Amino acid sequence: MAELKTQPNEQNVEDFLNAVESETKRQDSFTILELMKQETGAEPIMWGDSIVGFGTYKYKYASGREGEWLVTGFSPRKQNLTLYIMSGFDEYDNLLNKLGKHSTGKSCLYIKKLEDVDQDVLRELVSKSVEHMKETNA
């Protein structure tokens, strides 16, 4: 079976974030870094060359493929800030309705800049997702 391309590595998280071109995105990234450190109790680790991850969990698909992935994390992409909410969004409609300007994918929360969202709601969303991941992957 092919191994995932995105793996944890020794790249320095702060060096990565300091290299973000947009000043706003760079500052927002450091704010998200602190939020996720607080909510996970984990130190950040680079995954691949563009994802800052916190914690890990093991997964196994029905096909037999298994691996390890981050519990939560983020990436300051050119288009937007991408937050990885690994529990998905099915249970979080109420929070998403209060969050502010955003869009979602299966496990991705996309925001342009932190000033567009309620940071207390964002913190609660990350916290609940981390809690869910710990409970279901213990």
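Located above this text is the structure these notes cover.
Since we're looking at a predicted model, the values are computed, not measured.

Quick notes on the rules
Residues numbered from 1 in each chain as written. Predicted model: local features only at pLDDT ≥ 70, side-chain atom pairs only at ≥ 80, totals over all residues. Heavy atoms only, no water. Helix = DSSP H or I, 4+ residues; strand = E, 2+ residues; numbered from the N terminus. Polar contact = N/O pair within 3.5 Å; in protein donor to acceptor, adjacent residues only side chain to side chain. Contact = heavy atoms within 4.5 Å. Salt bridge = Lys/Arg side-chain N within 4 Å of Asp/Glu carboxyl O. Buried < 20%, exposed > 50% of the residue type's maximum accessible area, 1.4 Å probe, protein only. Core = buried A, V, L, I, M, F, W, Y, C linked by side-chain atoms within 4.5 Å. Pairing = 2+ DSSP bridges. Expected span 1.5 Å × (residues − 1). Phe/Tyr/Trp six-rings, centres within 6.5 Å; stacked < 30°, edge-to-face > 60°.

Visitor: Can you help me understand the side chain of Asn80 in this one?
Guide: As for its placement among the helices and strands, Asn80 is situated in the loop between strand S4 (66-76) and strand S5 (81-85). There is a polar contact of 3.1 Å between the side chain of Asn80 and the side chain of Thr82. Excluding its chain neighbours within four sequence positions, the residues that come into contact with Asn80 are Lys25, Ser75, Tyr110, Ile111 and Lys112.

Visitor: Please explain the pattern of salt bridges as it appears in this structure.
Guide: Opposite charge on two side chains lets them pair, provided their charged atoms get close. Summed over all chains, the structure comprises five salt bridges. Put simply, Glu39 and Arg123 hold a salt bridge, and the shortest N to O gap is 2.8 Å. Here Arg123 lies in helix H4 (residues 119-136) and Glu39 lies in helix H2 (residues 23-40), a separation of 84 residues in the sequence. Residue classification places Arg123 among the partly exposed residues on the basis of a relative accessible area of 28%. The shortest N-O distance in the salt bridge between Lys60 and Glu66 comes to 3.8 Å. Residue class for Lys60 comes out exposed when judged on its relative accessible area of 60%.

Visitor: Even after reading the chapter, I still don't get the environment of Gln27, so can you show me in this structure?
Guide: Checked against the element boundaries, Gln27 lands in helix H2. Along the sequence, Gln27 and Arg77 sit 50 residues apart, while their C-alpha atoms lie 14 Å from each other.

Visitor: Could you clarify how one ought to interpret the nonpolar core in this entry?
Guide: If you look at soluble globular proteins, the nonpolar side chains tend to sit buried side by side. By size, the foremost hydrophobic cluster in this structure holds 40 residues, and its most contacted members are Met36, Val52, Phe74, Leu83, Leu109 and Leu122. Broken down by element, the residue count for this core peaks at six residues, all from H4. With near-sequence residues (within four places) excluded, Leu83 lies in contact with Ile32, Met36, Gly73, Phe74, Ser107, Cys108, Leu109, Ile111 and Leu122.

Visitor: Sorry if this is basic, but what is going on with the pairing of S4 here?
Guide: Sheet faces and side chains relate simply in a regular strand, where the side chains alternate between the two faces. Most of S4 sits inside the fold, with eight of its 11 residues counted as buried. In the sheet, strand S3 (residues 51-60) pairs with S4 via eight bridges, with the strands oriented antiparallel. Across the sheet, Thr56 pairs through a bridge with Leu70, a residue of S4. Hairpin geometry of S3 and S4 is characterised by an intervening segment of five residues between the two adjacent antiparallel strands and by a positive phi of about 100° at Gly64.

Visitor: Which parts of the structure should I look at to understand H4?
Guide: Its 18 residues place the ends of H4 26 Å apart at the C-alpha level, agreeing with the 26 Å of an ideal helix rising 1.5 Å per residue. Every buried residue belonging to H4 is among Val121, Leu122, Leu125, Val126, Ser129, Val130 and Met133, and all of these are buried. Against H2, S3, S4, S5, helix H3 (93-99) and strand S7 (108-111) lie the buried residues of H4. In this structure Asp118 caps H4, since a side-chain oxygen of it lies 2.9 Å from the backbone nitrogen of Asp120.

Visitor: Sorry, what's going on with the pairing of strand S2 (residues 44-47) here?
Guide: Where strand S1 (residues 8-9) lies against S2, two bridges are found, and the strand directions are antiparallel. Of the residues in S2, the one forming a bridge with Pro8 is Trp47. Relative to S3, S2 runs antiparallel, the two sharing four bridges. Note on S3: the bridge partner recorded for Ile45 is Gly53. The antiparallel pairing of S2 with S3 creates a hairpin that spans three residues between the two strands, and Gly48 there sits at a positive phi of about 65°.

Visitor: Sorry, what's going on with the packing of aromatic side chains here?
Guide: Remark: the centre distance and the inter-plane angle together describe each pair of aromatic rings, the angle taken between the planes. Enumeration over the complete set of coordinates arrives at two aromatic pairs. For the ring pair Trp47 and Trp69, a centre distance of 5.1 Å and an interplane angle of 65° mean the geometry is edge-to-face. Taken as a pair, Trp47 in strand S2 and Trp69 in strand S4 lie far apart in primary sequence, 22 residues in all. Assessed through its relative accessible area of 2%, Trp47 is described here as buried. Using a relative accessible area of 16% as the deciding quantity, one classes Trp69 as buried.

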